[in-house]
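Listed below, chain by chain, are the residues.
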Amino acid sequence: MRLLWRDKSEMVAPGSALPGREQELQVPERHFVLETPLKGPFPAGVETAIFGMGCFWGAERIFWEADGVYTTAVGYAGGTTPNPSYEEVCSARTGHAEVVLVAFDATATSYPEMLKLFWEGHDPTQGMRQGNDVGTQYRSLILYWGERQREAAEASRDAYQQMLTAAGHGAITTELAELDPAHPFYYAEDYHQQYLAKNPGGYCGAGGTGVACPVGLTAAQSAPTSH
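About the thresholds
Residues numbered from 1 in each chain as written. Predicted model: local features only at pLDDT ≥ 70, side-chain atom pairs only at ≥ 80, totals over all residues. Heavy atoms only, no water. pLDDT = per-residue confidence, 0-100. Contact = heavy atoms within 4.5 Å. Buried < 20%, exposed > 50% of the residue type's maximum accessible area, 1.4 Å probe, protein only. Helix = DSSP H or I, 4+ residues; strand = E, 2+ residues; numbered from the N terminus. Salt bridge = Lys/Arg side-chain N within 4 Å of Asp/Glu carboxyl O. Pairing = 2+ DSSP bridges.

### Side note on the confidence of the model for the chain
Logical step 1: Chain-level statistics for the chain give a pLDDT mean of 93 and a share of 92% at 70 or above.
Logical step 2: With pLDDT under 50 throughout, residues 1–5 is counted as low confidence; its partners more than four residues away or in other chains account for 8 contacts.
Logical step 3: Note that pLDDT drops below 50 for residues 217–227; the model gives that stretch 13 contacts with residues more than four away or on any other chain.

In structure tokens:
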């Protein structure tokens, strides 16, 4: 049935999305690598971020290996179908992207540092694809909470665009949106969680442009003054 869908690179209209289900998908209690809880509430001082950067298997590993990260989980977000299955997301009829939920210790790292990993971990100029992975589920996406994260995400995007342009790359196509409480992050199936730790030889589509992303004060200075 997936092959009958007209165009996986075209976003489905909310009214045409699959209905989904009320029941959440079951996931392990603890992270396979970090041995921390996969679900909140998280300890005081732990903040969260959500990023879509292509296939979530390789993307998640980038973050669980980073200093200051408390836990990570893969899931689906940015669409409308509640509690979708992987097969439904692959049909391009849910509106969701494959994403990574990153919970990090704000005393040991920062949201701008997470943004740096996001930008450098994939090619944000490819639209509805990432390498050979094509479709809306592979789009570049930042879902932010509140004004502080929005401002940081926009500043990092503008700074990174300058770096990409100087290196001969095209325009960033990353979608930035506030996480809608009506359409939250949905955890993916058990077997997707920390997939590359369980399957070291598994497929990893993660790969960036090779262009470094400025962070912190450098990012603020590099961003256009009009933004």
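The structure having been displayed, the exposition proceeds.
### Digging into helix H1 (residues 56–64)
Logical step 1: The buried count for H1 comes to 7 of 9 residues, which makes it a mostly enclosed element.
Logical step 2: Among the residues of H1, those classed as buried are Phe56, Trp57, Gly58, Ala59, Glu60, Phe63 and Trp64.
Logical step 3: In this structure, the buried residues of H1 make contact with strand E1 (46–53), strand E2 (69–77), helix H2 (86–90), strand E3 (97–105), helix H3 (111–120) and helix H5 (195–198).

### Focus on the pattern of salt bridges
Pairing is possible between side chains of opposite charge, provided their charged atoms come close.
Logical step 1: With the rule as written, the count across this model stands at 10 salt bridges.
Logical step 2: Residue Arg21 is joined to Glu88 by a salt bridge in which the shortest nitrogen-to-oxygen separation is 2.8 Å. With Arg21 in the segment before E1 and Glu88 in helix H2, this pair connects stretches of sequence that are 67 residues apart.
Logical step 3: Judged by relative accessible area, which is 32%, Arg21 ranks as partly exposed.
Logical step 4: Here Glu88 falls in the buried class, since its relative accessible area comes to 16%.
Logical step 5: For Arg150, the salt bridge goes to Glu147, with nearest N and O atoms at 2.5 Å. One end of the pair is Arg150 and the other is Glu147, both in helix H4 (residues 146–166) and 3 residues apart, which spans about a single turn.
Logical step 6: On the basis of relative accessible area, Arg150 is assigned to the buried category, the value being 19%.
Logical step 7: One connected set of salt bridges, linked through shared partners, spans Glu147, Arg150, Glu151 and Glu154.

### Overview of the sheet that holds E1
Logical step 1: The mixed open sheet is built from 6 strands, whose spatial order is E7-E6-E1-E3-E2-E8. Strands at the two margins of the open sheet, each flanked by one partner only, are strand E7 (175–178) and strand E8 (186–187).
Logical step 2: Inspection of the sheet shows E1 paired to strand E6 (residues 140–144) by 4 bridges, in the antiparallel sense. Bridge pairing in E6 links Phe51 to Ile142.

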